[in-house]
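# Coordinate inspection notes
Listed below are the residues making up each chain.
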Amino acid sequence: MEKKLPTIEIIEKYCKGCHICVEFCPTKVLEMQGFVAAVKNLDACIKCMQCELRCPDFAIKVTP
Amino acid sequence: MAFDYDKYIRPGKLPHIWCPGCGHGIVMKGLIRAIDTVGLDTKNTAIVSGIGCASRLPGYMDCCTLHTAHGRAAAFATGVKMAKPEMDVILVGGDGDGTAIGGNHFIHACRRNINMTYIILNNKIYGMTGGQFSPATPTGAKASTTPYGNPDPAFDIAKLAIGAGATFVARGTSFHANQIDKLIAEAIQHKGFSVVEILDDCPTTYGRRNKFKSVIEMMNHLKDIAVPVKAAEKMSPEQLEGKILTGVLFKEERPEYTSEYAKLIERAKAAK
Ligand SMILES: Cc1ncc(C[n+]2csc(CCOP(=O)(O)OP(=O)(O)O)c2C)c(N)n1
Ligand code: SF4
Ligand code: SF4
Ligand code: SF4
Ligand SMILES: [Mg+2]
């Protein structure tokens, strides 16, 4: 069975480019693209929600 | 579904004013999740603050909010709670606001054991005004007012709260984001004065001066020094050197102020 991929939404107008979500993602799903965070490898997401919990700016939403 | 924070935020208020990486936003999210978990009615919940970056928090919350004078959150909050004991009252503020100019109000709110929850966002500095040292700045740390290193010892805010009589005292960090809501929720549900100290980061005025290259280093530092109370029981004093305990540090039941005051009113009426 194919695994269900989460949806990761990054609200660019809220993102302040702090790198927190990128650095602490355990499976390196995210990367910085210029000043904002972006999804690089959705396949690797383990839906741990750490990026959403730690983003100080309400800028990242993970729907498992 | 992703957690819906928007429901608790005043429309049009984001993005907030805090700097990139500032821990205050992480704590605000924890507070929102706690309000949601406990099921507080936002129309019956007052969030009260003093002055500082941390004290800007209530302005974003779609609750009853009060942004007061520097260090005076506890005084105003006490007024709200005494006038409307049925309201849930939450205080929010920084280490400077709460333990320097507001230290007096803080200890007396603890002593009274009035049923409110006080969240102290401890970034060890006066962030808003450019990085002066606060009573929570560690010895040796650099601030704009201690360019050669701080000669003062720092307050242990949680211990101060316990000593002053708070009946629920907990500590978390902005790194341990998923614990913040649980600590605050338990604090809200406790009947009495609850203090939740969150060690957070100010990359702008503290980090840079104190050789943290980025907010990531500051968060890794919080991760390294935090030890859950349960784990600490099995550790030696040497192993605990330089560590900070996290979790629920203290909890007791003691008569609560608004209930005692209501009884006093009854006694006074009966004596007429
Ligand atoms: C009576 C008075 N004195 C001094 C100030 C200046 N002032 C504004 S915020 C602040 C310190 C805030 O530090 P803290 O509470 O730790 O909040 P942070 O900005 O670090 O979140 C000071 C001294 C003021 N606003 N009012
Ligand atoms: S949910 Fe976890 S694994 Fe997925 S992107 Fe966020 S931090 Fe990475
Ligand atoms: S944690 Fe939030 S603000 Fe920081 S880079 Fe990631 S999405 Fe942007
Ligand atoms: S100055 Fe410090 S406390 Fe204030 S918003 Fe910036 S990082 Fe946060
Ligand atoms: Mg501060």
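Residues numbered from 1 in each chain as written. Chains lettered and ligands numbered in written order. Predicted model: local features only at pLDDT ≥ 70, side-chain atom pairs only at ≥ 80, totals over all residues. Heavy atoms only, no water.

### A few points about the pairing of strand 6 (residues 194–199) of chain B
Residues and elements named next belong to chain B. Taken across its six residues, strand 6 has six buried, putting it largely inside the fold. In the sheet, strand 5 (residues 168–173) pairs with strand 6 via six bridges, with the strands oriented parallel. Within strand 6, the residue paired with Arg171 across the bridge is Glu197. (Buried < 20%, exposed > 50% of the residue type's maximum accessible area, 1.4 Å probe, protein only. Helix = DSSP H or I, 4+ residues; strand = E, 2+ residues; numbered from the N terminus. Pairing = 2+ DSSP bridges.)

### Considerations on helix 8 (residues 215–225) of chain B
Every buried residue of helix 8 of chain B is accounted for by Val215(B), Ile216(B), Met218(B), Met219(B), Leu222(B) and Ile225(B). Of the residues flanking the start of helix 8 of chain B, the one acting as N-cap is Ser214(B), its side-chain oxygen 3.2 Å from the backbone nitrogen of Ile216(B). (Polar contact = N/O pair within 3.5 Å; in protein donor to acceptor, adjacent residues only side chain to side chain.)

### Considering the sheet that holds strand 5 of chain B
Hydrogen bonds between backbone atoms are what pair the strands of a sheet, whose relative direction is either parallel or antiparallel. All names here are of chain B. Reading across from one edge, 2-1-3-4-6-5-8-7 is the order of the eight strands in this open sheet, with mixed pairing throughout. Of all the strands in the sheet, the pair left with one neighbour each is strand 2 (64–67) and strand 7 (226–228). Each adjacent strand pair in this sheet contributes to an overall mean axis angle of 20°, direction not counted. Across the sheet, helix 1 (residues 24–38) is in contact with strand 1 (45–49), strand 3 (88–94), strand 4 (117–122) and strand 6; its angle to strand 4 comes to roughly 160°. (Axes fitted to C-alpha atoms, helices over the stretch in contact; angles between N-to-C directions. Contact = heavy atoms within 4.5 Å.)

### Concerning the site of ligand 3
Taken together, Cys15(A), Lys16(A), Gly17(A), Cys18(A), His19(A), Cys21(A), Ala37(A), Cys55(A), Pro56(A), Asp57(A) and Ala59(A) form the complete shell of residues around ligand 3. Tallied by class, the residues present in the shell around ligand 3 amount to seven nonpolar, two polar and two charged. (Near = heavy atom within 4 Å. Nonpolar A, V, L, I, M, F, W, Y, C, P; charged D, E, K, R; others polar.)

### As for the site of ligand 1
Residue and element names in this part refer to chain B. Surrounding ligand 1, one finds 17 residues, the nearest of these being His24, Cys53, Gly96, Asp97 and Gly127. Here an oxygen atom of ligand 1 and a side-chain polar atom of His24 are 2.8 Å apart. Separating an oxygen atom of ligand 1 from a side-chain N or O atom of Asn123 is a distance of 3.1 Å. Relative to its unbound accessible surface of 590 Å², ligand 1 loses 73% to contact with the protein. For the shell around ligand 1, the element with the most residues is helix 3 (residues 95–101), which contributes four residues. Residues that form the shell around ligand 1 fall into these classes: seven nonpolar, eight polar and two charged. (Areas by Shrake-Rupley, 256 points an atom, 1.4 Å probe, with all protein chains shown as cover.)

### Points about the interface of chain A and chain B
Listed by partner, the interface residues are 20 residues for chain A and 28 residues for chain B. Between chain A and chain B lies a buried interface of about 2,100 Å² when both sides are counted; carbon and sulfur atoms form 66% of it. When residues of chain A are sorted by the area they lose upon contact with chain B, Lys16(A), Leu53(A) and Phe58(A) head the list and together hold 34% of the total. Where chain A meets chain B, there are one salt bridge. Here Lys61(A) ties to Asp6(B) by a salt bridge, and the two come within 3.5 Å at their closest N and O atoms. The interface formed by chain A and chain B contains nine residue pairs in polar contact (both at pLDDT 80 or more). Secondary-structure elements contributing two or more residues to the side of chain A that touches chain B are helix 1 (20–24), helix 2 (50–54) and strand 4 (60–63) of chain A. Ranked by residues supplied to the side of chain A that touches chain B, first place goes to helix 2 of chain A with four residues. When grouped by side-chain class, the residues that make up the side of chain A that touches chain B number ten nonpolar, three polar and seven charged. (Buried area = accessible area lost by both parts, 1.4 Å probe. Salt bridge = Lys/Arg side-chain N within 4 Å of Asp/Glu carboxyl O.)

### A word on the packing of aromatic side chains
Evaluated as defined, the whole model comprises seven aromatic pairs over all chains. Ring centres 6.4 Å apart and planes at 50° place the aromatic pair Tyr118(B) and Phe193(B) in the tilted group. Here Phe193(B) lies in the loop between helix 6 (177–189) and strand 6 and Tyr118(B) lies in strand 4, a separation of 75 residues in the sequence. Across the pair, Phe193(B) and Tyr118(B) agree in class, each one buried. Cluster of aromatic residues (ring-pair linked, three or more members): Phe58(A), Phe3(B) and Tyr5(B). In this arrangement the basic side chain of Lys29(B) is found over the ring face of Phe58(A), its NZ or CZ atom lying 5.5 Å from the centre. (Phe/Tyr/Trp six-rings, centres within 6.5 Å; stacked < 30°, edge-to-face > 60°. Lys NZ or Arg CZ within 6 Å of the ring centre and 35° of its normal.)

### Points about the side chain of Arg171(B)
Residues and elements named next belong to chain B. Along the chain, the position of Arg171 falls in strand 5. There is a polar contact of 2.8 Å between the side chain of Arg171 and the side chain of Asp156. Polar side-chain contacts of Arg171 include one of 2.7 Å to the backbone oxygen of Leu245. Excluding its chain neighbours within four sequence positions, the residues that come into contact with Arg171 are Asp156, Ala158, Gln179, Leu183, Glu197, Leu199, Ile244, Leu245, Thr246, Gly247 and Leu249.

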